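# What the coordinates show
Letter by letter, the chains look like this.
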Amino acid sequence: MTDDLRTLFDGADAAETLERMMGGLLSAAHVTGWIKDRDRRYIYVTPAWESEAGFPAAAALGARDEDFRAPDVAARYREVDERILKGGAPETREDTTSGPDGTRWFMVTKFPVRDAAGGVIGIAGVATETTPFRSLQSTHRADDDLLSTVLESMPDLICRFTPDLVTTFANPAFTATYARLGETLQGRSLAGVLPTAVADDLAAAVARLSVQNEQATFDEVTHGQNGRARWREYRIRGVFSPDGTLQEVQAVGRDVTEERRYQTTLERMVLTANSRTAPLAETVTALLALGLEFFDMDLAGIGRFVDGSFQVEHLQRRDGSVGLPIGRIPAEERLALVAHDHNEPIAIEDLASRRLPQFLLDGTKHIKSFIGQRIEVAGSIYGTVMFCGTTARHRPFRPNELTLQRLLSQWMAFVFERHNQIAALGQRQAELQVILENVPAHIVTRGPDGAVLTANAAARDQSAPAVVTEADRAALQSGDPLLGRLERWEEADGQTRWMRTDRIPFKDPASAEPRLLVVATDVSELIEKEQALAQANEGLKQFAYIASHDLQEPLRKIGTFADILSQGLSDGNKDDVDYALTVIKEGARRSSQLIRDLLAWSRLTNQPIERQSIRLDALVRDTLADVLAGRPDAGLTVIDALDPVTVMADQTQARQLVENLIVNALKYRAPDRPARLVLRLAREGTHGAVVLEVEDNGIGFSQDYAALIFEPFRRLHSERQYTGTGVGLAICARVCERHGWTIACTGRPNEGATFRVEIPRRALVNS
C-alpha cells in the first residue's frame, strides 16, 4: 500500500504522511473509512471497514466495488465515485446494507483527494452507522402518534399558543368548550375566544412566566343553572429559547370541581366544629347541612339508642326544615343499626341492590340510598350520624365522600365531647365559684397594671388595699411568689386589719398576659391574741418587778422602824416610839394601797372583756358627775365638747378609763389658778376613727416622760408631793390595749396636759 501511495501522491513523504494521518486517526476512532485511487481501486481501508463490509482487507486492496459487492450496490457506489472524480465536490448520503441481523443504516461521506496542484487524484470516504438513531426516530414517531391520539381523546382542555395568545394547537375538549360548533381555533387569538375574565387571567399568568419560573396557574369558576359552582384549574408552562425568549406556551385545564367542593366543605366543617360561641344544636345542625349538600342527600340526623329505644336527634331535611317526619322511623333505625356495628362508613348506593327494604321516609317517599357512620365519644358509642336519599345513586360513593363521612363522624364526636367537657367545666367552675365566694379569705386577681380584675365576696366587702402596693409590683415584675407576709391594712373606712398575704404571679391562659393572685387572710384576732399574750407576759414581768421592788420598800421601812420602836420602848424614849409608830402605820397603809392597786391592775389584765353598745358621750358625763360628787370643793370649770358616739366596749373598763383620766387631771391641778377641764369626743373625717380627749390646765410634764407615765407604778413626783401608787394611767393604757384602742399624751410643764384616746372605726356602732 505504501508503494501505491507513493505513486498516487508522487513522493514518499506525502504517502507516508497520509498513511499516518488517515490510518492512525480513523483506526483510533473506530470509524469505517477507506481511500481509492482514480481507477476506484481500494488502496487503504480501516479495520472497522473490514468488520462492517464483511470482506477481508487484503482481498479488497487493489479491487473495485464491482469485484466483491452485489451488482446493484456496486453500481450505486460507482455512480457516486465517478461524480466526485469528475466534479470534485464531496457528497453525503444515507446508505443501507443487508445482513443476517437485518438492514443496517449508515451515513456515508465521500470527498476528493487532491495533489499539490489541486487535481483530483483519488477518493476518500467515511461511514457512520445510524441504525440506532433510525430505530429511536421510529419509536419517537410512534410515540408522537400515540401522544396525539391521547391528547385528542383526553377530557382535559389542552392547547398551545404563542406569547401573544395565538393558538397553535387545541384538542377537541378545549375546542368544544370555547368554540362554536364546527369552528376551529387553529391560528385564532385566545383573547377573542375565551371569556373575558379567563382571557385576562391567562394573559396575567403568561406575563408571570420567566426562565426562573416556567410555570403558573389560575382558576376558572363558572356557575351552572342550578347555581352550583364548577372549578377548572389551568396550569401553563412556558417554552424558552436558549437566550431566554418565550417561544411557546402550553396550557392544560382540568376540572377540579369535586376536589374544590371537598376542600371547601372540609374547611367549612373545621370552622363550624371549632366555633366556641355557637350552641351545640346550632353546630350539629350546621355540620349536618354541610353533609347534606356535599353528599346530595335529602335527610340527615343523629340516630341514638337510649334505654333500648331508638331516637333521632337534630333531624333535618335538605330544605333546612328540622323535625321528625313521622313518629316511628324504622328505616333509619335499621340503617342506624347497620352503621352502629361498624367503625368505618357504611355507604349503600341502592337499598334494593342490597335486598334491604326501602322504608318509608314520610309516608310518601322511600329511602333508597344511605351513608352513615357511628360516633364514639370518650371511648363509648354515642350514636350514628346518617344521611338518607330518596333516589338511588347511579355511581358508587367516591373515596373523598367516604373520607368526608369519616371526618364528619370524628368532628361530631369532637363537638359532643367538647360540649360535655364544657358542661363539666362549667359545673366545676360554678362549684369553685361557690367555694371562692364563701371562703372568708380575701381573694383577688390583678392585671399587669395592678387593677383588680376579679374579687370574691370577702374581697369585695373589704375595700383595702384599694391601690396596688409595692409588694404587688415586686411580685408582678419578678414573677416570683411572695408568701406568708404579715401586713397591716388601713381600709378606706378607717378600720385597721392584720392580714397574712400570699402573692402568686401567673400567666393568663388565653392572652398570656401577667396576672397576680392575691390571697389575704384576716388574722387580726390572732394578732390581738398574740399581743394580749405578750402583754400578759409583760405584766408578769412587771408584777415580779413590783413584788420584788415596790412592795419591798414599805416592808423594809416597817422592819427598820419596828427595830427603832423596840429600842425606844426599851429606852423609854417616847418620841422615838411615836415616830416609829407613825412610819410603820404609813408603811402598812402604802403596802395595802399597793396591793389593792396591783390586784386591780391584775384583774383588769385577766378579766374577759364583755363588749356592749355604749353611748360614750353619756358615759363620760356620768363618770364626771360621779367624780365631782365626791369632791364638792373641786372648783372645776368643765368645757363639754362631746359629740354623740356609740361604741362597742366593756362598760366597766371604759368607765374606769374615763374616771382615771378625770381624777388624774384633778390630782395634778395647778395651785396658782382655777382648774379647767376640756372634754372632747368627735370623729376625724367622714370615715375616720373617734377621738376622746381629756385636756387640763394643770402642772403638766415634760414630753420626755410621755411614754413612761403609762407604765405601772411609775411616778414623776414623790409621795410627799402627790399621793398615789402610779397605777392609774397604767390601767388606762391596759384598757385601751385590750380594746384595740390607742392612748397617747402630750404635755408641757406648768401649762397642762392632754390625753388622747383613739377608737378605730370598726368599734363604732352604725358607722
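Residues numbered from 1 in each chain as written. Predicted model: local features only at pLDDT ≥ 70, side-chain atom pairs only at ≥ 80, totals over all residues. Heavy atoms only, no water.

### Describing the overall build of the protein
Helix and strand counts for the protein stand at 20 helices and 27 strands. Looking at the protein residue by residue over its 767 residues, the buried ones come to 41%. Across the protein, every contact between residues at least 6 apart in sequence was considered, and the portion connecting residues at least 24 apart equals 53%. (Helix = DSSP H or I, 4+ residues; strand = E, 2+ residues; numbered from the N terminus. Buried < 20%, exposed > 50% of the residue type's maximum accessible area, 1.4 Å probe, protein only. Contact = heavy atoms within 4.5 Å.)

### Remarks on helix H8 (residues 196–207)
Look at H8: 16 Å from first C-alpha to last across 12 residues, which is about the 16 Å you get at 1.5 Å a residue. Every buried residue belonging to H8 is among Val198, Ala199, Leu202, Ala205 and Val206, and all of these are buried. The buried residues of H8 occupy one face: seen down the axis, they fall within an arc of 125°. Facing away from the buried side of H8 by over 90 degrees, the exposed positions are Thr196, Ala197 and Ala207. Buried positions along H8 lie against strand E6 (157–161), strand E8 (215–223), strand E9 (229–240) and strand E10 (246–255). (Expected span 1.5 Å × (residues − 1). Arc of directions from axis to C-beta.)

### Overview of the packing of aromatic side chains
Per the counting criterion, the structure on display carries 10 aromatic pairs. For the pair tryptophan 49 and phenylalanine 68, a centre-to-centre distance of 6.1 Å together with 85° between the ring planes defines the contact as edge-to-face. Residue tryptophan 49 is found in helix H3 (residues 47–53), and its partner phenylalanine 68 is found in the loop between helix H4 (57–60) and helix H5 (71–87); the two are separated by 19 residues along the sequence. Given a relative accessible area of 3%, tryptophan 49 falls into the buried group. (Phe/Tyr/Trp six-rings, centres within 6.5 Å; stacked < 30°, edge-to-face > 60°.)

### What to know about the sheet that holds strand E14 (residues 369–377)
Pairing between the strands of a sheet is mediated by backbone hydrogen bonds and can be parallel or antiparallel. Across the sheet, which stays open at both edges, the 5 strands sit in the order E12-E11-E15-E14-E13 with antiparallel pairing between neighbours. At either end of the open sheet lies a strand with only one pairing partner, and these are strand E12 (309–317) and strand E13 (346–348). Along the sheet, successive strands turn relative to each other by an average axial angle of 20°, direction set aside. Of the strand pairs in this sheet, E14 and strand E15 (residues 380–389) are connected by 9 bridges, and their pairing is antiparallel. Bridged to glutamine 373 within E15 is valine 385. Across the sheet, helix H10 (residues 280–295) is in contact with strand E11 (299–306), E12, E14 and E15; its angle to E12 comes to roughly 70°. Running at roughly 35° to E14, helix H12 (residues 399–438) makes contact with E11, E12, E13, E14 and E15 of the sheet. (Pairing = 2+ DSSP bridges. Axes fitted to C-alpha atoms, helices over the stretch in contact; angles between N-to-C directions.)

### Examining the nonpolar core
Across soluble globular proteins, nonpolar side chains show a tendency to be buried alongside one another. Counting 46 residues, the largest nonpolar core has Leu657, Val757 and Ile759 as its most contacted members. When near neighbours in sequence (up to four residues on either side) are disregarded, valine 757 contacts Leu657, Leu661, Val690, Val691, Leu692, Cys736, Trp741, Thr742 and Ile743. (Core = buried A, V, L, I, M, F, W, Y, C linked by side-chain atoms within 4.5 Å.)

### Details of the sheet that holds E10
The 5 strands lie next to each other as E7-E6-E10-E9-E8, forming an open sheet whose pairing is antiparallel. Across the chains shown, the open sheet's two edge strands, defined by having one partner strand only, are strand E7 (167–170) and E8. Strand-to-strand twist in this sheet, taken as the mean axis angle between neighbours without regard to direction, amounts to 20°. For E6 and E10, the ladder comprises 5 bridges, and the chain directions are antiparallel. By the bridge assignment, phenylalanine 161 is partnered in E10 with valine 249. Those strands touched by helix H9 (residues 257–273) are E8, E9 and E10, and its axis lies near 115° from that of E9.

### Focus: the side chain of arginine 446
Position of arginine 446 among the secondary structure elements: in strand E16 (residues 442–446). A distance of 2.6 Å separates a polar atom in the side chain of arginine 446 from the backbone oxygen of glycine 450. (Polar contact = N/O pair within 3.5 Å; in protein donor to acceptor, adjacent residues only side chain to side chain.)

### Observations regarding helix H18 (residues 616–629)
Compared with the 20 Å implied by 1.5 Å per residue over 14 residues, the 20 Å span of H18 between its first and last C-alpha is a close match. When we look at burial in H18, the residues that qualify are Leu616, Asp617, Leu619, Val620, Thr623, Leu624 and Val627. Each buried residue of H18 lies within a common arc of 160° when the element is viewed along its axis, so the set occupies one face. Seen from the open side of H18, the exposed residues pointing more than 90 degrees away from its buried face are Asp626 and Ala629.

### As for the pattern of salt bridges
This structure, assessed with the given rule, holds 50 salt bridges. Each of Asp219, Glu233, Arg235, Arg254, Glu259 and Arg260 takes part in a single network of salt bridges with overlapping partners. (Salt bridge = Lys/Arg side-chain N within 4 Å of Asp/Glu carboxyl O.)

### Focus on the environment of isoleucine 84
Structurally, the position occupied by isoleucine 84 is in helix H5. The exposure class assigned to isoleucine 84 is buried, which follows from its relative accessible area of 0%. Sequence separation between isoleucine 84 and glycine 122 is 38 residues; the distance between their C-alpha atoms is 9.2 Å. In this structure isoleucine 84 touches Ala89, Glu91, Lys110, Phe111 and Pro112, once residues within four positions along its chain are discounted.

### Thoughts on the confidence of the model for the protein
With 79% of its residues at a pLDDT of 70 or more, the protein shows a mean pLDDT of 80. With pLDDT under 50 throughout, residues 1–15 is counted as low confidence; its partners more than four residues away or in other chains account for 23 contacts. Long-range and interchain partners of residues 324–331, a stretch whose pLDDT sits below 50, account for 17 contacts in this model, where long-range means more than four residues apart. (pLDDT = per-residue confidence, 0-100.)

### Observations concerning the packing of H9 against H10
Think of two packed helices as two axes; the pair is described by the angle between the axes and how far apart they sit. In contact at an axis separation of 10 Å, H9 and H10 are set at 175° when each is read in the N-to-C sense. When the axes of H9 and H10 are compared, the pair comes out roughly antiparallel. Contacts from Arg261, Tyr262, Thr265, Arg268, Met269, Thr272 and Ala273 of H9 reach H10 at Thr283, Ala286, Leu287, Leu290, Glu293 and Phe294. The class makeup of the residues in the contact of H9 with H10 is 7 nonpolar, 3 polar and 3 charged. (Parallel < 35°, antiparallel > 145°, perpendicular 65-115°, else oblique. Nonpolar A, V, L, I, M, F, W, Y, C, P; charged D, E, K, R; others polar.)

### Overview of the pairing of E14
In terms of residue burial, E14 counts as a mostly covered element, since 8 of its 9 residues are buried. Here 3 bridges tie E13 to E14, and the two strands are oriented antiparallel to one another. Along E14, the bridge assignment pairs isoleucine 346 with glycine 372. Linking E14 back to E15 in an antiparallel pair, the connection comprises 2 residues, with alanine 378 at a positive phi of about 55°.

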